[in-house]
Amino acid sequence: MPEVRLGDVIDDFCVKCKRIMNHSVVSMVGPEPAKVRCRTCYSDHDYRHEQAPPPKVDTRKSALFNEVLSKLQPDATAAAAEPEPKAKAKGKKK
Ligand SMILES: [Zn+2]
């Protein structure tokens, strides 16, 4: 893993851009970047190790989203819900 130094450009998750963006290291704690600045929106924040922050819990919204998603892709959700029954088709039963 390459050493990160002050001013280096690294990838991190930007909360404002809501995606992984290029960031400049603005402060370090030991060998680790502590704070970074998004090179796109110039907001400073703690280095997140490229992890998105946990989403604010809005279960109703996500439930609605999943519902919409399942309507759009009924096959995808069905496939995820239960494994393909292909294996059963083979061989005799009884
Ligand atoms: Zn940004």
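Anything mentioned here points back to the structure above.
Residues numbered from 1 in each chain as written. Predicted model: local features only at pLDDT ≥ 70, side-chain atom pairs only at ≥ 80, totals over all residues.

A. Representation of the sheet that holds strand β1 (residues 9-14) in the model. What the four strands build is an open sheet, ordered β1-β2-β3-β4; its pairing is antiparallel. Strands at the two margins of the open sheet, each flanked by one partner only, are β1 and β4 (44-46). Strand-to-strand twist in this sheet, taken as the mean axis angle between neighbours without regard to direction, amounts to 50°. Where strand β2 (residues 19-29) and strand β3 (residues 32-38) come together, six bridges link them in antiparallel fashion. Of the residues in β3, the one forming a bridge with Ser-27 is Lys-35. (Pairing = 2+ DSSP bridges. Helix = DSSP H or I, 4+ residues; strand = E, 2+ residues; numbered from the N terminus. Axes fitted to C-alpha atoms, helices over the stretch in contact; angles between N-to-C directions.)

B. A look at the environment of Asp-44. Tracing the chain through its elements places Asp-44 in strand β4. Judged by local crowding, Asp-44 falls into the exposed class, with 12 C-beta atoms found within 10 Å. Asp-44 sits 20 residues away from Ser-24 along the chain, and the two C-alpha atoms are 9.2 Å apart. Excluding residues that lie within four positions of it along the chain, Asp-44 makes contacts with Val-26, Lys-35 and Arg-37. (Buried ≥ 20, exposed ≤ 12 C-beta atoms within 10 Å, placed from the backbone. Contact = placed C-beta atoms within 7 Å.)

C. Local environment of helix α1 (residues 59-72). Between its first and last C-alpha, α1 extends 19 Å over 14 residues, near the 20 Å set by a 1.5 Å rise per residue. Where burial is concerned, little of α1 is hidden: zero out of the 14 residues are buried. (Expected span 1.5 Å × (residues − 1).)

D. Local environment of the environment of Cys-14. The topology assignment puts Cys-14 in strand β1. The sequence separation of Cys-14 and Cys-38 amounts to 24 residues, and the corresponding C-alpha distance is 6.5 Å. Dropping the residues within four chain positions of it, Cys-14 is found in contact with Arg-19, Met-21, Cys-38, Thr-40 and Cys-41.

E. Highlighting the environment of Val-9. For Val-9, the location among the structural elements is in strand β1. When the C-alpha atoms of Val-9 and Val-26 are compared, they prove to be 9.7 Å apart, with 17 residues separating the residues in sequence. Leaving out residues up to four positions away in the same chain, Val-9 has contacts with Asn-22, His-23, Ser-24 and Arg-39.

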